[in-house]
Amino acid sequence: MAFQKKEKNGGFSVLPRHLGIIMDGNGRWAKKRGLPRTAGHRAGADVFKDISKECGKLGIEQVTFYAFSTENWKRPKEEVDTLMKLFHDFLITARKNIEESDDMKIKFIGERQGLDPELVSLMEEAEIQTAEKPGTLINLAINYGGRQEIVSAVNRLISHGKTKITEQDISDNVYTLPDCDLIIRPSGEHRLSNFLLWQAAYSEFWYSDVLWPDFKKKDLHKALRDFESRNRRFGG
């Protein structure tokens, strides 16, 4: 089943089992206000806290947040270094936010090779400390790319001796299950940007001109209401 029914929790009759969110627009938000890009990333981290908590309250099974892509390494070194420092702080904030929750758990998806060992240690610590919690799973995509994810899945299967690979094999070896039901992208951009390429085969999409630091719970609810009204046929 590609969705979960809810009798309460905001009054939604249908919610996505797996929600994807592309956190976009931090830099533009800061530029519009004459602030450094770092201010936009800090504001975006606060929104992550609010939206992840709201997803937990609503009872959404799994939410994947796109935080740092494999392509982001192409930015100037000074900017990447600044982003990594901010990301370190973001990880601590995100971990603290989720660990303090009664039932949310966290998982980091993407390639860990090339990340600072201290960051990797923080990631692993948060995963271990929240692994047994029963509620919403928060996936944070860090050093992540959809193409890289598929290649990694195929290479894993080959290393296990597979000589003929099926769609189900790949589905079983990408970072997240089940497939993504709804992808939200704020900031006015209308593209996937290498996010959940395999899992998005039959995703619904919801776009908004709101920049991520201005994204509110009401915007999340608007996207979920829209999803609730859609007729999903999955090619049938």
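Scroll up to find the structure this text is about.
Report on the accompanying structure.

Criteria and thresholds
- Here, residues in each chain are numbered from 1, in the same order as that chain's written sequence.
- With the structure being a predicted model, the display of local features is reserved for residues of pLDDT at least 70 and the display and counting of side-chain atom pairs for 80 or more, all residues being used for whole-chain, interface and lining totals.
- Only hydrogens and water are set aside; all other atoms, that is, all heavy atoms of the structure, feed into the side-chain values.
- A run of H or I in DSSP becomes a helix once it reaches four residues, and a run of E becomes a strand once it reaches two; helices and strands are each numbered from the N terminus.
- Note on classification: 1.4 Å probe, protein chains only; a residue is buried when its accessible area is under 20% of the maximum for its type, exposed when over 50%, partly exposed between these limits.
- Should any heavy atoms of two residues lie within 4.5 Å, those residues are considered in contact.
- Shrake-Rupley sampling with a 1.4 Å probe provides the accessible areas, and residues are treated as covered by the protein chains on show and by no other component.
- By convention a nonpolar core is built from buried Ala, Val, Leu, Ile, Met, Phe, Trp, Tyr and Cys residues, the set being connected through side-chain atoms within 4.5 Å.
- Salt bridges are defined as contacts in which a side-chain nitrogen from Lys or Arg sits within 4 Å of a carboxyl oxygen from Asp or Glu.
- By the criterion applied in these results, polar contacts are pairs of N or O atoms within 3.5 Å in which, for protein atoms, one can donate a hydrogen and the other can accept it, and in which residues neighboring in sequence qualify only through two side-chain atoms.
- To estimate how far a helix should reach, multiply one less than its number of residues by 1.5 Å.
- Here a cavity is any set of points on a 1 Å grid over the protein atoms alone where a 1.4 Å probe fits but cannot get out, and a pocket is any open set with protein on both sides within 12 Å along at least 5 of 7 lines; a residue lines the site when it has an atom within 4 Å of a point.
- Grid points are joined across faces, edges and corners, and a volume is the space filled by probe spheres set on the points.
- Note that Gly is not counted as nonpolar here; it falls among the polar residues with everything else outside the nonpolar set of Ala, Val, Leu, Ile, Met, Phe, Trp, Tyr, Cys and Pro and the charged set of Asp, Glu, Lys and Arg.
- Pairing of aromatic rings covers Phe, Tyr and Trp, the last through its six-membered ring, and needs centres within 6.5 Å; plane angles under 30 degrees mean stacked, over 60 mean edge-to-face, and all others mean tilted.

**Re the overall build of the chain**
For the chain, the helix and strand inventory stands at seven helices and eight strands. Counting every position in the chain, which comprises 236 residues, the buried fraction comes to 52%. Contacts spanning at least 24 positions in sequence make up 75% of the contacts within the chain whose residues lie at least 6 apart. Working note: accessible area of the chain is about 11,900 Å², and carbon and sulfur atoms make up 50% of it.

**Some thoughts on the nonpolar core**
Residues Leu19, Ile21, Ile51, Phe65, Ile184 and Leu220 are the most contacted members of the largest nonpolar core, which totals 40 residues. Non-local contacts of Ile21, meaning those with residues more than four positions away in its chain, are made with Ile51, Val63, Thr64, Phe65, Tyr66, Ile184, Phe195 and Trp212. Counting residues in hydrophobic clusters, the runner-up holds eleven residues, among them Ile22, Cys180, Phe195 and Leu196.

**Here's the deal with the pattern of salt bridges**
In the structure shown here, the tally under the stated rule is 14 salt bridges. When the shortest N-O distance is used, the salt bridge between Arg33 and Asp214 registers 3.5 Å. With Arg33 in the loop between helix H1 (26-32) and helix H2 (37-58) and Asp214 in the loop between strand S8 (204-207) and helix H7 (217-229), this residue pair connects regions lying 181 residues apart in the sequence. According to the relative accessible area criterion, Arg33 is partly exposed, its value standing at 39%.

**Looking at the environment of Lys162**
You can see Lys162 is positioned in the loop between helix H5 (146-159) and helix H6 (167-173). With sequence-adjacent residues up to four places away left out, Lys162 is seen in contact with Leu157 and Asp169. Of note is the side chain of Lys162, whose polar atom sits 3.1 Å from the side chain of Asp169.

**With respect to H2**
The end-to-end C-alpha separation of H2 is 31 Å, in line with the 32 Å expected for 22 residues at 1.5 Å each. Within two residues after H2, Gly59 carries a phi angle of roughly 90 degrees, on the positive side.

**Details of the layout of surface pockets**
Empty space within the largest pocket amounts to approximately 760 Å³. In this structure, the largest pocket is lined by 29 residues; those nearest its centre are Met23, Asn26, His41, Ala67 and Arg75. At six residues, the largest contribution of residues to the lining of the largest pocket is made by helix H3 (residues 77-99). Its residues placed into classes, the lining of the largest pocket shows eleven nonpolar, nine polar and nine charged.

**Considerations on the packing of aromatic side chains**
Under the criterion given, the structure shown has seven aromatic pairs. Ring centres of Tyr144 and Tyr175 lie 6.2 Å apart, and the angle between their planes is 55 degrees; this geometry places the pair in the tilted category. In this pair, Tyr144 is assigned in strand S6 (residues 137-144) and Tyr175 in the loop between H6 and strand S7 (182-185), connecting sequence segments 31 residues apart. Overall, the relative accessible area of 0% leaves Tyr144 in the buried class. Classification of Tyr175 as buried rests on a relative accessible area of 16%. Relative to Tyr207, the ring of Phe205 has its centre 6.2 Å away and its plane inclined at 5 degrees; by these criteria the two rings are stacked. Assessed through its relative accessible area of 27%, Phe205 is described here as partly exposed.

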